[in-house]
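Chains, contacts and geometry: an overview
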Amino acid sequence: MSLSATPVSRPRLLDELTGRILAQIRDEGLRPGDRLPSSRALAERFLVAVPTVREALRRLEATGAVELRHGSGVYVKADVARLIMVNPNRLRLDADAIRDLLEARELIEPHLAAAAARNATDEQLAELAEAFSRTTDALAEDQRLHAANMGFHRTIGRLGGNRALTQVLESLIDLHDQEQRHILDLYGDRDHDHEVHGAILAAIRSRRPEKARRLMTDHLRDVREVVIAALSRRADDASEPGP
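Residues numbered from 1 in each chain as written. Predicted model: local features only at pLDDT ≥ 70, side-chain atom pairs only at ≥ 80, totals over all residues. Heavy atoms only, no water.

1. Describing the overall build of the protein chain
This is how it is decided: Runs of H or I in DSSP of at least four residues are treated as helices and runs of E of at least two as strands, each being numbered from the N terminus. Relative accessibility thresholds used throughout: buried, under 20% of the residue-type maximum; exposed, over 50%; partly exposed, between the two (1.4 Å probe, protein chains only). Contacts are assigned to residue pairs with any non-hydrogen atoms lying within 4.5 Å of each other.
Within the protein chain, the regular secondary structure consists of 11 helices and 2 strands. In the protein chain, the succession of helices and strands from N to C terminus is α-α-α-β-β-α-α-α-α-α-α-α-α. A total of 243 residues make up the protein chain; the buried ones form 47% of that total. Across the protein chain, contacts joining residues at least 24 apart in sequence account for 75% of those joining residues at least 6 apart.

Have a look at this one:
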């Protein structure tokens with residue numbers, strides 16, 4: 001089933017376009033590994049420019065919905081049930097959602113980091129090192145860094161070996177993609193964040209589960225405290241009467 005070639009409205013163009021691409025994936029029954037039409041074909045279908053389609057696809061890649069393979073095309077990455085959960089149109093900064101997200105991650109990820117240090121194979125550890133190297137390459141670009149950081153955390157989750165917890169973490173990251181972007185902006189100190197990721201990687205690679213657990217706990221707690229303080233300052237500024 002193909003969507004009709006109706007133009008996407010100009011307001012919030014990218015947001016509507018990402019939603020339509022997700023709807024196409026769902027309506028056409030595309031599964032993980034299935035290839036999407038080319039950017040040019042999507043542009044013709046939705047009557048938008050090719051660069052606009054590419055930007056929408058990069059947004060979807062950041063949520064884990066699709067995978068962009070250089071020289072090959074765009075492929076469905078997440079399953080249909082989780083694609084329905086992804087909502088790229090939530091642009092309002094939701095302070096309560098950010099707090100809840102960070103608390104949930106603080107409960108889950110330290111356990112997964114410790115489990116990864118115990119259970120990961122040498123091949124998986126090399127995969128984690130590669131995920132970390134992508135964060136290094138992306139430090140100067142917000143969008144790439146967001147995707148790379150989330151990829152690093154996703155990989156640790158998967159290496160933990162608990163499929164149920166991994167699915168919970170994946171769903172949290174996908175469902176709260178916009179909040180994760182706000183967290184990156186609010187935290188601000190990407191160099192320190194990168195150093196901590198490197199320390200977590202080293203603890204996992206040296207198979208020190210308790211150190212990996214502690215480092216991940218301290219990392220997420222630090223992020224939560226900094227971000228909540230930033231949110232409080234914004235709320236105070238917004239409540240002050242204007243001149």
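2. Description of the layout of surface pockets
Selection criterion: A pocket here means an open set of points on a 1 Å grid, computed over the protein atoms alone, that has protein on both sides within 12 Å along at least five of seven lines. A cavity is instead a set of points where a 1.4 Å probe fits but cannot get out; residues with an atom within 4 Å of a point line either one. Grid points are joined across faces, edges and corners, and a volume is the space filled by probe spheres set on the points. Note that Gly is not counted as nonpolar here; it falls among the polar residues with everything else outside the nonpolar set of Ala, Val, Leu, Ile, Met, Phe, Trp, Tyr, Cys and Pro and the charged set of Asp, Glu, Lys and Arg.
A volume near 210 Å³ is recorded for the second largest pocket. Residue lining of the second largest pocket: 13 residues in total, with Ser39, Leu68, Arg69, Gly73 and Val74 positioned closest to the centre. The set of elements that each furnish at least two residues to the lining of the second largest pocket consists of helix H3 (50-63), strand E1 (66-69) and strand E2 (73-76). In terms of residue count, H3 provides more of the lining of the second largest pocket than any other element does, 3 residues in total. Residues that form the lining of the second largest pocket fall into these classes: 5 nonpolar, 4 polar and 4 charged.

3. A look at the environment of alanine 117
Considering the arrangement of structural elements, one finds alanine 117 in helix H5 (residues 95-119). On the basis of relative accessibility, which here comes to 1%, the residue alanine 117 falls in the buried class. Along the primary structure alanine 117 and isoleucine 204 are separated by 87 residues, whereas in three dimensions their C-alpha atoms are 4.2 Å apart. Once residues lying within four places of it in the same chain are set aside, the contact partners of alanine 117 are Ala203, Ile204, Arg207, Arg208, Pro209 and Ala212.

4. Observations concerning empty space enclosed by the protein
Scanning the entire structure with this criterion turns up 1 cavity of 30 Å³ or more. In this structure, the largest cavity spans a volume of roughly 230 Å³. Surrounding the largest cavity, 19 residues form its lining, Asn149, Met150, Ile183, Leu184 and Asp193 being those nearest its centre. Elements supplying a minimum of two residues to the lining of the largest cavity: H5, helix H7 (142-159), helix H9 (177-187), helix H10 (190-205) and helix H11 (209-239). In terms of residues, the lining of the largest cavity owes the most to one element, H7, which gives 5 residues. A per-class count over the lining of the largest cavity returns 8 nonpolar, 7 polar and 4 charged.

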